[in-house]
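Structure at a glance
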Amino acid sequence: GPSAAAAPPISFNEALQYFQTADLGECRRKVRATARGRGLAALLRFLFGPPRLQPQLQGERDLALAMAHCALDDNERVHMRILQTIYKKLTCSRLGCPRYGAHWEELGFQGADPGTDLRGTGMLGLMQMLFFVMDSQTLPLAREIFKLSHHETQAPAVTLLLSQNFPFSIMSVNITRIVLQALREERLSRECNRRQQVIAVLNDLYAAAFLQLYRIWKWQHKTIGDSGFLLKELELSTKKKPKQLLKSLEAFVSQSPAADPLWQPPPPSGAGSDETDFTGVCDLQVELEGDAWLV
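Residues numbered from 1 in each chain as written. Predicted model: local features only at pLDDT ≥ 70, side-chain atom pairs only at ≥ 80, totals over all residues. Heavy atoms only, no water.

1. Topic: the side chain of T85
Mapped onto the elements of the fold, T85 is located in helix 5 (residues 77-91). The class for T85 is buried, based on a relative accessible area of 2%. Beyond its immediate stretch of four places on either side in the chain, T85 contacts P8, P9, I10, L130 and M134. (Helix = DSSP H or I, 4+ residues; strand = E, 2+ residues; numbered from the N terminus. Buried < 20%, exposed > 50% of the residue type's maximum accessible area, 1.4 Å probe, protein only. Contact = heavy atoms within 4.5 Å.)

2. Considering unusual backbone geometry
Phi angles above zero are rare outside glycine, and C92 is one such case at about 60°. Considering the arrangement of structural elements, one finds C92 in the loop between helix 5 and helix 6 (103-106). In this structure, H221 takes a positive phi of about 55° despite not being glycine. Residue position: H221 is located in the loop between helix 12 (199-219) and helix 13 (227-240).

3. Considering the packing of aromatic side chains
Taken as a whole and judged by the stated rule, the model has 10 aromatic pairs. Ring plane angle 90° and centroid distance 5.6 Å describe the contact between F146 and F168, whose orientation is recorded as edge-to-face. Residue F146 is located in helix 8 (residues 139-149), and its partner F168 is located in helix 10 (residues 168-184); the two are separated by 22 residues in the primary sequence. Of the residues examined, F146 reaches a relative accessible area of 11% and is grouped as buried. (Phe/Tyr/Trp six-rings, centres within 6.5 Å; stacked < 30°, edge-to-face > 60°.)

4. Things to note about the packing of helix 8 against helix 12
In contact at an axis separation of 11 Å, helix 8 and helix 12 are set at 40° when each is read in the N-to-C sense. Considering their axes alone, helix 8 and helix 12 lie oblique with respect to each other. For the crossing formed where helix 8 meets helix 12, the hand is left-handed. For the pair formed by helix 8 and helix 12, the contact residues are L141, E144, I145 and L148 on the first element and A207, F210, L211, Y214, W217 and K218 on the second. Within the contact of helix 8 with helix 12, the residues separate by chemical class into 8 nonpolar, no polar and 2 charged. (Axes fitted to C-alpha atoms, helices over the stretch in contact; angles between N-to-C directions. Parallel < 35°, antiparallel > 145°, perpendicular 65-115°, else oblique. Left-handed = near helix turned anticlockwise from the far one by under 90°. Nonpolar A, V, L, I, M, F, W, Y, C, P; charged D, E, K, R; others polar.)

In structure tokens form, the structure reads like this:
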């Protein structure tokens, strides 16, 4: 397929400016901004649920939702630069790579074309990955998660039991799906209203959720067989305790490098921590949007 190897890296802000000015009319027509339910559930949500997003922020929310309906386009140079930048930052390569090929499977996509894994989140899925690898505070975390995703054991006979590897990009897309649904259900409105931002809140929550998943996966020795259950629990935590997750990320990025907080296991259950603690192995299979399946 065509190669975008010569494309220069792109920053998150430059990519966002592109989408702010691009013609996303068709994508915007597909947007369903909120999911409030009906009947008694809608009434209870109106009376006791989270606040609604302030009017001045609704345009930014709709842009995020429109990006989620925007497919990866080979003819859009910015799309290709986003894809190449993610590849280079995660692999620490100075060289680009072909648009199609088995190298994308090394990044945790399901096949030779990353675009087929973005049907539930569209370009927003790639934009959040771009944010993750281009922010100097979260890049070390992104690379460490990527390293864990390639975990292998020294005992081939028990690889299926001990290996902690997982498809990094598919996991990322599913975390984007989770924070996107939290936005649509207005679970993030209070934080967005407080900060007067939407996309920045989405990105921070994405990074916070990935951090939470990483800590649990690494220190509780989770494997791909646990992924459905973990994602379901992470979705509940993201919707019910977004502020708590964001505080966890803030504490992580504020630590000095010498403290090395990333490699410390989360506190044990009952030790005074409010962080969600996943224990045991569950084979619950969760149906995910699009074609992104982990279980």
